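# Examination of the molecular architecture
Here is what each chain is made of, one letter per residue.
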Amino acid sequence: MRNISCTFKVDGVPNKVVLRKVAKERRFQASLNGSTTPTEYIISDRTNEVEYYDGPMLSDTYFARVVWIIKQYFPNVRAIMKAGADSYDDYEE
């Protein structure tokens, strides 16, 4: 798993988001301010877009930022999203 931690200010309040990539899957876990139950997102096989999967729903503001983090910091996943390929042979995680 790979972890990324960011702090975003929303309405002047700093909020810490921890994003974890599940190894060899198109799945991510996002925790807001150290919550014990992470929100899971997946990259859809049909649309190649990031979608909500499981856990407590985050607001649209945080969802947009999580999608931005995924596209920015996980280049292999971004390539899968563009090409629509389902091959995981190129992963080094």
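In this report, we go over the structure that sits alongside the text. What you are looking at is a predicted structure, and each value in this text was computed from that prediction instead of being measured.

## Observations concerning the nonpolar core
Leu19 and Val66 are the most contacted members of the largest nonpolar core, which totals 18 residues. Elements with a contribution of two residues or more to this core: strand 1 (2-10), strand 2 (13-21), strand 3 (27-32), strand 4 (39-43) and helix 1 (60-73). No other element matches the five residues that helix 1 contributes to this core. Beyond its immediate sequence surroundings of up to four residues, Val66 is in contact with Val17, Leu19, Ala30 and Tyr41.

## Here's the deal with the environment of Thr39
Mapped onto the fold, Thr39 is located in strand 4. Among the residues examined, Thr39 registers a relative accessible area of 1% and is labelled buried. Expressed as a C-alpha distance, the spacing of Thr39 and Phe28, which sit eleven residues apart in the sequence, is 8.2 Å. For Thr39, the contacting residues outside a window of four places in its chain are Phe28, Gln29, Ala30, Tyr52, Asp54, Gly55, Pro56 and Leu58.

Calculation rules
- Residues numbered from 1 in each chain as written.
- Predicted model: local features only at pLDDT ≥ 70, side-chain atom pairs only at ≥ 80, totals over all residues.
- Heavy atoms only, no water.
- Core = buried A, V, L, I, M, F, W, Y, C linked by side-chain atoms within 4.5 Å.
- Buried < 20%, exposed > 50% of the residue type's maximum accessible area, 1.4 Å probe, protein only.
- Helix = DSSP H or I, 4+ residues; strand = E, 2+ residues; numbered from the N terminus.
- Contact = heavy atoms within 4.5 Å.

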